[in-house]
Each structure stands twice: as structure tokens, then as C-alpha cells.
Amino acid sequence: MTGGAVPAGSWIALLRGVNVGGVTIRSADLAEVFRSAGFSGVRTVLASGNVVFDDPEHQPGETADDARGALKRRIERSLAEAFGYEAWIVLTHQRALTDVIEAYPWPEAEQVQPYVMFSSEQGSLDALLAFSTETGEQPDRVASGDGVLYWEVPKGSSTDTAFAKESSKARFKPHVTTRNLRTLRKLI
């Protein structure tokens, strides 16, 4: 999900830790912060910190990594100023997200939750994958993807398994956010 020129399409900001743990942000207020920061085509998806937007300011020759870093800092600063919390986001692009969704490694089944874990720091994903390998895959399944981890867990267990507890530790908070595969499809 890195390198190359910025592709056509929209950016997607995945906010970490909103509407849980005391940080409550209404979707309308969130969209307004993005519009006020100069973004266009802003839409929020669900009430869990998902924003799709266009950035009319990026330079055509700019690399995706350069654009992503500058946008990430700009958005986090805007969120912190507007809502008074230390904002952490993972920033991706619709084209990259489409590839991530299409690469989901397991068939979807009714009795499991299909998740994708995103991180702004590859080391966090590497540590979570190593933890999963050390503890085994039962009842979770974890697989590495292009800049993401895929995670499948039985319904009703997404906070109870050893992997779930590990991934929710404070050391991952600034870098990792998880979304259900069904939510991600609504972002493209």
C-alpha cells in the first residue's frame, strides 16, 4: 500500500478510538472538520470514525507515501484542535482498500467476524502477527496482508480471545485500528 504516484480516487481516514472510551464525535461534526480543513467530497460512514474524502491540494507528481504522511499529520492536527483529544488515524486510499478487501484470505461464514487490522506502523502488525503465531490460531485466525493483518474470530469473541486482548493493549493504540470487512466495503 505504499510507493508510486497518488492514484485517482478518494482517501479514507480510519480514526482510532472514537465513540468508545469517552471520545465521542458526531458524524456531522467530523465531516465539518474535514470540510473546514479544505477537503472535498467528504462523507462519513457509520459512527465509528470512517471518513472518505478528496484532497484537492495534493500535487500530481507527489508520491503516495509523501501525500499520506502530510495528510495524516494535517488531519490529526485538525481533529485534535476541534475535539480536544490526541487524535490517531490510519490513512489509506480507496484503490488500496479495494485490493485489501479482495485479498481477504478466508471464505466469509455466518459464525465468524471478518476483520482487517490497519496500522500506521508496520512494526505493530509484525508484533501482532508474531503473537498470533506464538499462541496458535484457535479460535482466531490471523494472516498477513499488504500492510494489514486479516483477523477472523468467532462471533461474540472479538474482545475475549488472547489475540483480541493483545491487540487492544496500550502500546498498539496510537497505530492500530480494526474494521469489519462489511464496514470496509461501504467505504469504496
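Every chain's residues receive numbers from 1 upward, in the order its sequence appears when written. Given that the model is predicted, a residue must reach a pLDDT of at least 70 before its local features are reported, and side-chain atom pairs must reach 80 or more before they are shown or counted; all residues, however, enter totals for whole chains, interfaces and linings. Excluding hydrogens and water, the side-chain figures rest on all heavy atoms present in the structure.

Draft legend 1. Spotlight on empty space enclosed by the protein. Using protein atoms alone on a 1 Å grid, points that fit a 1.4 Å probe yet trap it form a cavity, whereas open point sets bounded by protein on both sides within 12 Å along at least five of seven lines form a pocket; residues with an atom within 4 Å of a point count as lining. Grid points are joined across faces, edges and corners, and a volume is the space filled by probe spheres set on the points. Applying the stated criterion across every chain, the model contains 1 cavity of 30 Å³ or more. By volume, the largest cavity amounts to about 30 Å³. Along the walls of the largest cavity sit 10 residues, with Ser-27, Leu-30, Leu-46, Ala-47 and Gly-49 positioned nearest its centre. Throughout this entry, Asp, Glu, Lys and Arg are counted as charged residues, while Ala, Val, Leu, Ile, Met, Phe, Trp, Tyr, Cys and Pro are counted as nonpolar. The remaining residues, Gly among them, count as polar. Taken together, the residues of the lining of the largest cavity sort by class into 4 nonpolar, 6 polar and no charged.

Draft legend 2. The sheet that holds strand S8 (residues 176-180), seen in detail. Pairs of strands are assigned from DSSP output, requiring at least two bridges between the strands. Helix and strand assignments come from DSSP, with helices taken as H or I runs of at least 4 residues and strands as E runs of at least 2, each series counted from the N terminus. Pairing within the open sheet is antiparallel, and its 4 strands lie in the order S6-S7-S5-S8. On the outer flanks of this sheet lie strand S6 (141-144) and S8, each paired with one strand and no other. Strand after strand, the sheet turns through a mean of 25° between neighbouring axes, direction not considered. Summarising the sheet, strand S5 (residues 112-119) and S8 pair through 5 bridges and their orientation is antiparallel. The partner of Ser-119 across the bridge, within S8, is Val-176. Fitted lines through C-alpha atoms give the axes, limited to the stretch in contact for helices. The angle between two N-to-C directions lies from 0 to 180 degrees.

Draft legend 3. Structural detail: the sheet that holds strand S1 (residues 11-15). Read across the sheet, 4 strands follow the order S2-S3-S1-S4 without closing on themselves; strand pairing throughout is antiparallel. Sheet topology places strand S2 (40-44) and strand S4 (89-93) at the edges, where each strand pairs with a single neighbour. Going from strand to strand, the sheet's axes swing by 20° on average, the running direction of each strand aside. Where S1 lies against strand S3 (residues 50-54), 4 bridges are found, and the strand directions are antiparallel. Note on S3: the bridge partner recorded for Ala-13 is Val-51. Throughout, a contact is declared for two residues whenever any of their heavy atoms are within 4.5 Å. With respect to the sheet, helix H1 (residues 27-36) is in contact with S1, S2 and S3, its orientation differing from that of S2 by roughly 160°. Each of S1, S2, S3 and S4 touches helix H3 (residues 94-102); the most contacted strand, S4, lies at about 90° to it.

Draft legend 4. Inspection of the pattern of salt bridges at higher detail. In what follows, salt bridge is the name for a side-chain nitrogen of Lys or Arg lying within 4 Å of a carboxyl oxygen of Asp or Glu. Taken as a whole and assessed by the stated rule, the structure comprises 8 salt bridges. A salt bridge links Arg-74 to Asp-55, with the shortest nitrogen-to-oxygen separation between them at 3.6 Å. With Arg-74 in helix H2 (residues 64-83) and Asp-55 in the loop between S3 and H2, this residue pair connects regions lying 19 residues apart in the sequence. Comparing Arg-74 with Asp-55, the two get one shared label, buried. Exposure categories follow from relative accessible area, calculated using a 1.4 Å probe and restricted to protein chains: below 20% of the type maximum is buried, above 50% is exposed, and the middle band is partly exposed.

Draft legend 5. Spatial organisation of helix H4 (residues 122-135). The first and last C-alpha atoms of H4 sit 20 Å apart over 14 residues, in line with the 20 Å expected at 1.5 Å per residue. Within H4 the residues assigned to the buried category are Ser-124, Leu-125, Leu-128, Phe-131 and Ser-132. Down the axis of H4, the buried side of the element spans an arc of 120°, and every buried residue falls inside it. With respect to the buried face of H4, the exposed residues turned more than 90 degrees away are Thr-133 and Glu-134. As for H4, its buried residues are in contact with S5, S6, strand S7 (148-154), helix H5 (162-167) and S8. Trailing H4 by a residue or two, Gly-136 shows a phi angle of about 90°, which is positive. A helix's residues, less one, multiplied by 1.5 Å, set its expected span. By construction, the arc corresponds to the directions joining the helix axis to the C-beta atoms.

Draft legend 6. Region of the structure containing the pairing of S2. Where S2 and S3 come together, 3 bridges link them in antiparallel fashion. The partner of Ser-40 across the bridge, within S3, is Asp-54.

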